[in-house]
Amino acid sequence: MAKSSGAKPKLTREDKKALRVAKRQKRRETWSNLRQAFTITKDADPKFLPLLVMVAVVAAAVFYLVVFLITGSPYYPIPFAVLGALVVGMFFFSRRAQKSMFAQAEGQAGAAGWMLRQQLRGDWRLTEVVAGTTQLDAVHRLVGRPGVVLVGEGAPHRVRGLIAQEKKRTARVVGDTPIYDITVGTGEGDIRLGKLNRYLLKLPSNLSKDQVATLEKRLAALGGSRTQGLPPGPLPQGAKMRNVQRTVRRRS
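Note that this is a predicted model, so its numbers are computed, not measured.

What counts as what
Residues numbered from 1 in each chain as written. Predicted model: local features only at pLDDT ≥ 70, side-chain atom pairs only at ≥ 80, totals over all residues. Heavy atoms only, no water. Axes fitted to C-alpha atoms, helices over the stretch in contact; angles between N-to-C directions. Helix = DSSP H or I, 4+ residues; strand = E, 2+ residues; numbered from the N terminus. Left-handed = near helix turned anticlockwise from the far one by under 90°. Contact = heavy atoms within 4.5 Å. Nonpolar A, V, L, I, M, F, W, Y, C, P; charged D, E, K, R; others polar. Parallel < 35°, antiparallel > 145°, perpendicular 65-115°, else oblique. Phe/Tyr/Trp six-rings, centres within 6.5 Å; stacked < 30°, edge-to-face > 60°. Buried < 20%, exposed > 50% of the residue type's maximum accessible area, 1.4 Å probe, protein only.

A few points about the packing of helix H1 (residues 13-44) against helix H3 (residues 77-105)
One way to put it is that H1 packs onto H3 with a least axis distance of 9 Å and a crossing angle of 65°. The two elements H1 and H3 meet at a crossing, and its hand is left-handed. Residues Leu-34, Ala-37, Phe-38, Ile-40, Thr-41 and Ala-44 of H1 lie in contact with H3, whose contacting residues are Met-90, Phe-93, Arg-96, Ala-97, Ser-100 and Gln-104. For the contact of H1 with H3, the residue count by class is eight nonpolar, three polar and one charged.

Rendered as structure tokens:
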């Protein structure tokens, strides 16, 4: 029985050049994003740089000491100490940058939608802004193994009404499927932006994957996202809310 050839087609010189250019561009974007995150975190968190240096030095000392005790050589532990300082430093940097990012975004219009779109962990189907107002209050819908989760953001007295209305609409379609509703904010009973992922991951699994797919199709009957005119992410501090609200009213 003849075996089918699994050889990949040879790349031309132009294809190889295009791949090299794409890889270089990707590396540039990665380093650019890292520099931007470092600058933003340093400006927003005065303790970040001293703590980063301290964590890297302590990590290097620990790695050096451990390897020195094992090998007895004063030179062999050096590369391990440098590598350990880099790994621990990068971990500390990523955690601190994420914390700073959430702190800056928290309380701004569009922050919860941005977080669900960019930072959400787990197997979820997201529909942004299934309900909203011209004051930039919004309710987002998640469908996953726990069931349906309605995530509200905005002024509490308006968001509670939006969530209640959307919950009634959703219940007519999903039947006995669990519906969770939460509000992202800093008030009593709200979920902080930085803890939203943790809250979602703790929800119990009530549905199978097939049931989730069926549920998503049924919810499509309620209509899709109504994001037209709404900010794609947290509004920058100092942005003129009246201008954004006027844009939303024109497009809604």
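That shown, we press on.
Digging into the packing of H1 against helix H2 (residues 48-71)
Interhelical geometry of H1 versus H2 gives an angle of 115° and a closest axis separation of 8 Å. Between H1 and H2, the crossing angle belongs to the class labelled roughly perpendicular. Contact residues: Phe-38, Thr-41 and Lys-42 in H1; Phe-48, Leu-49 and Leu-52 in H2. Across the contact of H1 with H2, the residue classes break down as four nonpolar, one polar and one charged.

A word on the packing of aromatic side chains
For the coordinates displayed, the defined rule picks out six aromatic pairs. Consider the rings of Phe-48 and Phe-93, whose centres lie 5.9 Å apart with planes at 45°: the pair is tilted. Residue Phe-48 is located in helix H2, and its partner Phe-93 is located in helix H3; the two are separated by 45 residues in the primary sequence. Its relative accessible area of 0% is what places Phe-48 among the buried residues.

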